[in-house]
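Architecture and fold: a report
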Amino acid sequence: MDNVTVLSHPLIQHKITLLRDKRTGSKEFRELVEEIAMLMGFEAMRDLPLENIEIETPITTCTAKVLSGRKLALVPILRAGLGMVNGILALVPSAKVGHIGLYRDEKTLEPHEYYCKLPKPIDERLIIVLDPMLATGGSATAAIDFVKQHGGKNIKFMCIISAPEGIRRLSEAHPDVPIYTGCLDEKLNQNGYIVPGLGDAGDRIFGTK
Ligand code: PRP
Ligand code: URA
């Protein structure tokens, strides 16, 4: 699918393997999620618009490039998406951060919203929705529905691990949204977990299980 970019850089692949390992504890897990988000951010922000400004170097004046337009909006899906924010802020410290709170009902696997706050004017920003896991795709699809209802137009989705089911659902619901994923895994199990995956990302980041 041409809206999907799998980021096969060796550094990303190496760090995802460490994330998957069940022996990796919360501290290291959090650090890895942040580092992977930063590495993925390079690719997802490859087409950020630039403009020319005049500056003076110690040697001469010259025309040089800076990022143009409204600041980027990062929108993590709570909770696990929070783990990716600082990695991208390290690259673009001026980005604004919105939040969408969703949890997946453990029986129906359908997402439920509990919070939504987005930076204004959302319609003039490039918005990167962040969540380490794209499983059934219900959460990402609902989050992007909310962003669009609030006026968001230029949206990308970034995850660390995805399942084919989630890629399909999100692409069908939002064909205009490019998806960046670190790995495309094999399938979902009967509980809606990605196989081989890494388990529950929120629990592993926050040490809640
Ligand atoms: C996890 C994950 C995604 C969602 C993915 O969150 O962080 O948001 O599941 O699954 P889906 O593609 O099937 O919707 P969860 O609902 O467990 O909430 P949490 O981040 O608060 O743990
Ligand atoms: N959410 C997770 O955190 N992990 C999965 O494998 C699926 C959904």
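Refer to the structure presented above.
The rules we used
Residues numbered from 1 in each chain as written. Chains lettered and ligands numbered in written order. Predicted model: local features only at pLDDT ≥ 70, side-chain atom pairs only at ≥ 80, totals over all residues. Heavy atoms only, no water. Helix = DSSP H or I, 4+ residues; strand = E, 2+ residues; numbered from the N terminus. Rg over C-alpha atoms; globule rule 2.2 N^0.38 Å. Buried < 20%, exposed > 50% of the residue type's maximum accessible area, 1.4 Å probe, protein only. 1 Å grid on protein atoms, 1.4 Å probe; cavity = no way out; pocket = protein on both sides within 12 Å on 5 of 7 lines; lining within 4 Å. Points joined across faces, edges and corners; volume = space filled by probe spheres on them. Nonpolar A, V, L, I, M, F, W, Y, C, P; charged D, E, K, R; others polar. Patch = residues over 30% accessible without salt bridge, like charges linked within 9 Å, V, L, I, M, F, W, Y side chains within 5 Å. Areas by Shrake-Rupley, 256 points an atom, 1.4 Å probe, with all protein chains shown as cover. Salt bridge = Lys/Arg side-chain N within 4 Å of Asp/Glu carboxyl O. Near = heavy atom within 4 Å. Polar contact = N/O pair within 3.5 Å; in protein donor to acceptor, adjacent residues only side chain to side chain. Sits in = over half its atoms within 2 Å of the grid points. Pairing = 2+ DSSP bridges. Contact = heavy atoms within 4.5 Å. Phe/Tyr/Trp six-rings, centres within 6.5 Å; stacked < 30°, edge-to-face > 60°. Lys NZ or Arg CZ within 6 Å of the ring centre and 35° of its normal. Core = buried A, V, L, I, M, F, W, Y, C linked by side-chain atoms within 4.5 Å.

**Focus on the overall build of the protein**
- Counting its regular elements, the protein contains 6 helices and 13 strands.
- Since a compact globule built from 209 residues should have a radius of gyration of about 17 Å, the 18 Å found for the protein is in line with a globular shape.
- Structurally, the protein occupies a C-alpha span of about 65 × 35 × 30 Å along its principal axes.
- Residue burial in the protein is summarised as follows: out of 209 residues, 47% are buried.

**Remarks on the layout of surface pockets**
- The calculated volume of the largest pocket comes to roughly 740 Å³.
- If you trace the largest pocket, you find 32 residues lining it, with Tyr103, Arg104, Ser139, Tyr193 and Asp200 closest to the centre.
- Elements with a minimum of two residues in the lining of the largest pocket: strand E4 (73–78), strand E6 (99–104), strand E9 (133–134), helix H4 (138–149) and helix H6 (201–206).
- Per-class residue counts for the lining of the largest pocket are 14 nonpolar, 9 polar and 9 charged.
- Lining the second largest pocket are 16 residues; nearest its centre among them are Leu48, Pro49, Ser68, Arg70 and Leu72.
- Taken together, the residues of the lining of the second largest pocket break down into 6 nonpolar, 4 polar and 6 charged.

**A few points about a nonpolar patch on the surface**
- On the surface, Ile53, Ile55 and Val66 cluster together into a nonpolar patch covering about 180 Å² of accessible area.
- Looking at the element boundaries, Ile53 is found in strand E2 (residues 50–56).

**Some details on the site of ligand 1**
- Around ligand 1 sit 15 residues, and of these Arg79, Arg104, Asp131, Thr136 and Ser139 come closest.
- Contacts to ligand 1 include Arg79, whose side-chain N or O atom sits 2.8 Å from an oxygen atom.
- In the environment of ligand 1, an oxygen atom lies 2.9 Å from a nitrogen or oxygen atom belonging to the backbone of Ala135.
- Protein burial of ligand 1: of its 500 Å² of free accessible surface, 91% is covered by the chains.
- Among the cavities detected, the one that contains ligand 1 is the largest pocket.
- Sorting the residues of the shell around ligand 1 by element identifies E6, E9 and H4 as the ones contributing at least two each.
- Among the residues forming the shell around ligand 1, the class breakdown is 6 nonpolar, 5 polar and 4 charged.

**Digging into the pairing of strand E7 (residues 111–117)**
- Two strands pair when backbone bridges link them, and E6 and E7 are joined in this way by 6 bridges, in the antiparallel orientation. Within the sheet, the bridge partner assigned to Tyr103 lies in E7 and is His112.
- Hairpin remark: E6 followed by E7, antiparallel, with 6 residues in the connecting loop; positive phi at Leu109, about 65°.

**Examining the environment of Asn3**
- Along the polypeptide, Asn3 turns up in the segment before strand E1 (4–6).
- C-alpha separation for the pair Asn3 and Ile122, spaced 119 residues apart in sequence, amounts to 22 Å.
- Excluding its chain neighbours within four sequence positions, the residues that come into contact with Asn3 are Ser171, Pro175, Val177, Pro178 and Ile179.
- At a separation of 3.0 Å, a polar atom in the side chain of Asn3 contacts the side chain of Ser171.

**Some remarks on the site of ligand 2**
- With respect to spatial proximity, the complete set of residues near ligand 2 consists of Arg104, Met133, Ala135, Gly192, Tyr193, Ile194, Gly199, Asp200 and Ala201.
- Gly199 is positioned such that a nitrogen or oxygen atom in its backbone is 2.8 Å from a nitrogen atom of ligand 2.
- In the environment of ligand 2, an oxygen atom lies 2.8 Å from a nitrogen or oxygen atom belonging to the backbone of Ala201.
- Judged by the proximity of its atoms to the pocket grid, ligand 2 belongs to the largest pocket.
- Partitioning the shell around ligand 2 into residue classes produces 5 nonpolar, 2 polar and 2 charged.

**Quick look at the packing of aromatic side chains**
- The final tally for this structure, using the stated rule, is 1 aromatic pair.
- Sitting over the face of the ring of Tyr193, Arg104 holds its NZ or CZ atom 5.8 Å from the ring centroid.

**So, the nonpolar core**
- The biggest cluster of nonpolar side chains holds 37 residues, and the ones touching the most others in it are Leu72, Met158 and Ile160.
- With 7 residues, the single largest contributor to this core is helix H2 (residues 26–44).
- Not counting residues within four places of it along the chain, the set of residues in contact with Met158 comprises Ala37, Met40, Gly41, Ala44, Met84, Ile88, Ile128, Val129, Leu130, Asp131 and Tyr180.
- With 24 residues, the next largest nonpolar core counts Ala73, Ile77, Ile100 and Leu170 among its residues.

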